[in-house]
Amino acid sequence: MKKKVIIIILCLCILWSAMAITDYIRAKNLKEPIFTVSTARDQMGNGVYKCIGYKVESVAGRFNSDEYTVYDMRYSIFGKTLNAKDTMYDNFRHNHGLLGVDKKTVLMHFEALKAVQPDVSGNQEIYTEYIRGDDVTAMNMILYNGIVAGFEYEYDNLQSAYNFASYLRKDLELTYGEKVTYPGMIQTEKDYFDNIKSLSDIKPMCKYYEDWTPGIDGNKKENINKMLGGKSYSRMDIRMELNAISENKATVTVRYIALP
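What comes next is a walk through the structure.

Conventions and cut-offs
What you see as residue numbers is a count from 1 along each chain, following the sequence as written. Local features in this predicted model are restricted to residues whose pLDDT is 70 or higher, and side-chain atom pairs enter the listing and the counts only when it is 80 or higher, whereas totals over whole chains, interfaces and linings include all residues. Think of the side-chain values as coming from all heavy atoms in the structure, minus any hydrogens and water. Numbering of helices and strands starts at the N terminus; helices are DSSP runs of H or I of at least 4 residues and strands are runs of E of at least 2. Multiplying 1.5 Å by the residue count of a helix minus one yields the expected span of that helix. Exposure classes here rest on a 1.4 Å probe applied to the protein chains alone. A residue is buried below 20% of its type maximum, exposed above 50%, and partly exposed in between. Throughout, a contact is declared for two residues whenever any of their heavy atoms are within 4.5 Å. Residues form patches when they are more than 30% accessible in relative terms and have no salt bridge. Like charges link within 9 Å. Nonpolar side chains (Val, Leu, Ile, Met, Phe, Trp, Tyr) link within 5 Å. A 1.4 Å probe and the Shrake-Rupley method give the accessible areas. Residues count as covered only by the protein chains that appear here. Salt bridges are counted wherever a side-chain nitrogen of Lys or Arg sits within 4 Å of a carboxyl oxygen of Asp or Glu. Relevant arc is that of directions from the helix axis to the C-beta atoms, nothing else. Stacked, edge-to-face and tilted labels apply to pairs of Phe, Tyr and Trp rings (six-membered ring for Trp) whose centres lie within 6.5 Å, assigned for plane angles under 30 degrees, over 60, and everything in between, in that order. Our definition puts a charge over a ring when NZ of Lys or CZ of Arg is within 6 Å of the ring centre and also within 35 degrees of the ring normal.

Under the 1.5 Å per step criterion, the end-to-end length of helix H1 (residues 2-28) is 39 Å for 27 residues, consistent within 8% with the ideal 39 Å. For H1, the set of buried residues is Met19, Ala20, Asp23 and Ala27. The inward-facing, buried residues of H1 abut strand S3 (54-62) and strand S4 (68-77). At the C-terminal side of H1, Leu30 shows a positive phi close to 60°.

Spelled out as structure tokens, the structure:
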């Protein structure tokens, strides 16, 4: 009798393992689990699939098409999540560290974007992520010839845009040292970011920027040459720019600029 009980338990364990593994593989491929006990899902695609001993959460977001796309099926077993895919928003304060990397590498950081079809124009690709319930309303990652060339952040709050630009200003200086913005290069409707002393100094329809020269060698240099399509340049800088579109709207951009 005892032997039969052990056999039954082993068979149940094997059966449960097969169910759990099957649903795990399906989750990795953005497919709904099969062996669910209960399901709750909204119209946007977010939901929870409860199973025996594990669960799968579908996570949706708004990307290029401005429609909700399920980009992750997060598998949790015994309370531990095994696979969670990041978006640009998850660590957006440090996205500029990915400038100059190739598309394959950046999609390893932003696995959620593998489910997104970017906007393509010639050699340019743009991945867009729309944010709900925050001052930053959208994020754009721009690639040229398969290399990350810049990030743009759209804001509906000028103060928040200025705060983020100020953070980038400090972080870029810590990373690359003193700015290299050319003196005397100010143009109409442009000014240096460091000339802003308070929010009241920001004028609508004006761009404020600073430049830094990063150290570029090895694989990064090869990627930049690929990004430029073989065009020659004397120096490659990183520009941080605050574009005050109106009193309530602004964009913050960090991108490469090539000097002839």
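This next bit is on a nonpolar patch on the surface. Taken together, the side chains of Ile8, Leu12 and Leu15 present a nonpolar region at the surface, about 300 Å² in accessible area. Counting through the fold element by element, Ile8 comes out in helix H1. Using a relative accessible area of 51% as the deciding quantity, one classes Ile8 as exposed.

Helical geometry note: an α-helix holds 3.6 residues per turn, so side chains three or four residues apart project in the same direction. Asn223, Ile224 and Met227 are the residues of helix H4 (residues 218-227) that are buried. The buried side chains of H4 occupy one side of the element, clustering within an arc of 100° when seen end-on. Lining the buried residues of H4 we find strand S8 (136-144), strand S9 (147-155), strand S12 (235-244) and strand S13 (250-259). Downstream of H4 by one or two residues, Gly229 has phi in the positive range, about 65°.

Further remarks concern the packing of aromatic side chains. How two aromatic rings sit relative to each other is set out by the distance from centre to centre and by the angle between their planes. Applying the stated criterion to the full structure yields 13 aromatic pairs. When the ring of Tyr192 is compared with that of Tyr209, the centres are 5.9 Å apart and the planes differ by 65°; the resulting orientation is edge-to-face. Within this pair, whereas Tyr192 is found in strand S10 (residues 190-192), its partner Tyr209 is found in strand S11 (residues 206-212), the two being separated by 17 residues in sequence. Of the two residues, Tyr192 and Tyr209, neither departs from the other in class, the shared state being buried. Among the aromatic residues, those joined into a cluster by ring pairs are Tyr89, Phe92, Tyr153, Tyr155, Phe164 and Tyr167. Note that Lys190 overlies the ring of Tyr209, its terminal NZ or CZ placed 6.0 Å from the centroid.

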